[in-house]
Amino acid sequence: MAKVEKLQCPACGANNISQISGLNYQCNYCQSTFIVKNENPISKINFEKLNTSTTQKNSSNPVKIIVAIAVFMALMGVGVSLFIVTASKKNVSKSNNFFSDWQTPSIDNYNCLTGSKGAVVWLVLKNQTNKLDSVKYILRLIDPQTKKIISEETLEKPKAWKELFNRSQNFDSEYYVNNDTVYNVSEDAGIQCFDLYSGKRLFGNEWFEKRFPQLKTGISKVNKEYYRNRIKITSTTGNDFYYFIDSKLLLTEKETEKSESEENNFSENIYLSQNKKSQLYLCNIKRRASEDYYISESYIEQFRLKQSYMGSYIKNIKLLSDSIYPMAKPIKKYKDKLLFFFASKFSNRADGVLALVDRTGQFTWKNKDSTFKKIIENNTGDHIYINYNLNNDLIVININNAGYQSVGVNLKTGKTQFVFNQPYSINQL
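Just so it is clear, the structure is predicted and the values come from calculations on it, not from any experiment.

A. Representation of the sheet that holds strand β9 (residues 176–178) within the structure. On the basis of which strands lie adjacent, the open sheet formed by four strands has the order β9-β10-β11-β12 and antiparallel pairing. Of all the strands in the sheet, just β9 and β12 (201–204) have a single pairing partner and so form its edges. Geometrically, the sheet is characterised by an average inter-axis angle of 25° between neighbouring strands, direction not taken into account. Summarising the sheet, strand β11 (residues 190–195) and β12 pair through three bridges and their orientation is antiparallel. Each residue of the ladder has a partner; that of Q192, found in β12, is G204.

B. Here's a closer look at the sheet that holds strand β23 (residues 329–334). Strand order in the open sheet formed by four strands is β23-β24-β25-β26, with antiparallel pairing between adjacent strands. In this open sheet, the two strands that pair with only one neighbour each are β23 and β26 (363–367). Averaged over all neighbouring strand pairs, the angle between strand axes comes to 20°, with direction disregarded.

C. Fine view of the pairing of strand β17 (residues 265–273). Direction of pairing for β17 relative to strand β19 (residues 280–287): antiparallel, over a ladder of eight bridges. The residue bridging N265 from the neighbouring strand is R287, located in β19. The pairing of β17 with strand β20 (residues 294–295) spans two bridges and is classified as parallel. Directly across from L272, in β20, lies its bridge partner Y294.

D. Representation of the nonpolar core in the model. Ranked by size, the top nonpolar core spans 24 residues in total, and within it L280, L338 and F340 carry the most contacts. Among the elements that take part in this core, β19 stands out by supplying five residues, more than any other. Filtering out sequence-adjacent residues up to four positions away, F340 remains in contact with L272, L280, Y325, A328, K329, P330, I331, V353, L354, A355, V357 and F363. Membership of the second largest hydrophobic core comes to 21 residues, among which are Y334, L356, F372 and I395.

E. Broad picture of the pattern of salt bridges. In the structure shown here, the tally under the stated rule is 13 salt bridges. R359 is paired through a salt bridge with E268; the nearest N and O atoms lie 2.5 Å apart. On the criterion of sequence distance, the pair formed by R359 in the loop between β25 (352–357) and β26 and E268 in strand β17 is long-range, its members being 91 residues apart. Exposure remark for E268: the relative accessible area of 30% places this residue in the partly exposed category. Beyond isolated ion pairs, a larger network of salt bridges with shared partners links E268, K333, D336 and R359.

F. Broad picture of the confidence of the model for the chain. Mean pLDDT over the chain stands at 80; residues scoring 70 or higher make up 76%. When the criterion is pLDDT under 50, residues 39–60 qualifies, and its contacts beyond four places in sequence or with other chains add up to 15 contacts. Note that pLDDT drops below 50 for residues 65–69; the model gives that stretch four contacts with residues more than four away or on any other chain.

G. Focus on unusual backbone geometry. If you check the backbone angles, N229 has positive phi at about 60° while not being a glycine. By the secondary structure assignment, N229 is in the loop between β13 (219–225) and β14 (230–235). Phi is positive for K335, which is not a glycine, with a value near 50°. Position of K335 relative to the elements: it lies in the loop between β23 and β24 (337–343). K335 gets classed as exposed once you look at its relative accessible area, which sits at 58%.

H. Focus on the pairing of strand β5 (residues 118–128). Burial runs high along β5: ten of the eleven residues are buried. Bridge analysis of strand β4 (residues 106–115) against β5 gives nine bridges, and the strand direction is antiparallel. Note that in β5 the partner of C112 across the bridge is V121. Connecting the antiparallel pair β4 and β5 is a turn made up of two residues. In terms of strand pairing, β5 meets strand β6 (residues 134–142) through eight bridges, oriented antiparallel. Bridged to Q128 within β6 is V135.

I. Fine view of the packing of aromatic side chains. In this structure the tally under the stated criterion is 22 aromatic pairs. Judged by centre distance (6.3 Å) and plane angle (5°), the ring pair of Y110 and F420 falls under stacked. One end of the pair, Y110, is in strand β4; the other, F420, is in strand β30 (residues 416–421), and 310 residues separate them in sequence. Under the relative-accessibility criterion, F420 is labelled buried at 2%. Ring centres 6.2 Å apart and planes at 85° place the aromatic pair W207 and F212 in the edge-to-face group. Owing to a relative accessible area of 30%, W207 belongs among the partly exposed residues under this scheme. Under the relative-accessibility criterion, F212 is labelled buried at 6%. The structure contains a cluster of three or more aromatic residues connected by ring pairs, namely F203, W207, F208, F212 and Y243. In this structure, K315 packs its charged tip against the face of F266, placed 4.6 Å from the ring centre.

Rules behind the numbers
- Residues numbered from 1 in each chain as written.
- Predicted model: local features only at pLDDT ≥ 70, side-chain atom pairs only at ≥ 80, totals over all residues.
- Heavy atoms only, no water.
- Pairing = 2+ DSSP bridges.
- Helix = DSSP H or I, 4+ residues; strand = E, 2+ residues; numbered from the N terminus.
- Axes fitted to C-alpha atoms, helices over the stretch in contact; angles between N-to-C directions.
- Core = buried A, V, L, I, M, F, W, Y, C linked by side-chain atoms within 4.5 Å.
- Buried < 20%, exposed > 50% of the residue type's maximum accessible area, 1.4 Å probe, protein only.
- Contact = heavy atoms within 4.5 Å.
- Salt bridge = Lys/Arg side-chain N within 4 Å of Asp/Glu carboxyl O.
- pLDDT = per-residue confidence, 0-100.
- Phe/Tyr/Trp six-rings, centres within 6.5 Å; stacked < 30°, edge-to-face > 60°.
- Lys NZ or Arg CZ within 6 Å of the ring centre and 35° of its normal.

Shown next, in the form of structure tokens:
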């Protein structure tokens, strides 16, 4: 007699299986449907008819009924054994969905990030069943220079569609990178941290609750404030804290205000005037570390008119040159120079320019990569939005215009290191 083994879902491996009808089965966990493959001619037997006939003809003979049941169980054992062998991963080809109704994954989210080892593309893939009753998400990492897949990680176990109407509540589309750790903040999942180059989950809310006594009762709510390099955390007792990602400090609101007031010191840096016709200035003003390198035209005018209260905020202002930069955007201070982006002329057909300028107004380099033109085309206002991340001597700019493009620029030389185009299908990878 063939050995009877427990049925297992070929899609997710769960043992919670229900028979729908005949040889058709369904996984109660991921909702996948499949059949038990049995190439033995015995599989053509109608089990329902067999049960009916034996009941009618042999109701007066208990021995015959027992024999019929034993034969039925033996046949089922043969079928199950064949199914388990055939459904093994070694025998199922990638193009054959005979045992599972999962579709080919599609790209749900794209981003290109950079860390200590260079840039890496993060693709979140969505995989759903043909019945659209279940979905799962996979994180695929790609080297943007070689176009090769680095690793792949499952983000979550398969879930029913009703649980995923708002995907961003479980995994947000924005990230913050610090020391090769990727922070992702979402409403339901809270704070999740991943390794930049493997995609493996490192820790989450549980780490913060163990690390900081103020949060030992638990975390009830989190809000990302990446523009200030921090995350706002509300404990279950209703107290608000700020976790500063770079310094790894957890401060109360009062402690945060005090810390920011102490950081608000005079420093001399390069600034762009904040209007459509920007110019470069060397200014000695009070600023916070998280502030952009902008100075408003009204502040410049008030200082020139020697209004008394501006003296406590600005020590001096110097115009570096008469050059005007249409729709310019300061990005970051780099080696005591200002990295900024601007349009080459006042037109939506202008080229985009990434440049590095020193404190005398002299340019170290200018990069006019043709892909930067898309940033200007996407712009509808007076100021330019730049989706970028920067680490060491590499900046990666992500451009969304009928599909994503990512451009990596070496900050030492100003030369383009790579251009990566988001594939429209994973089959293109």
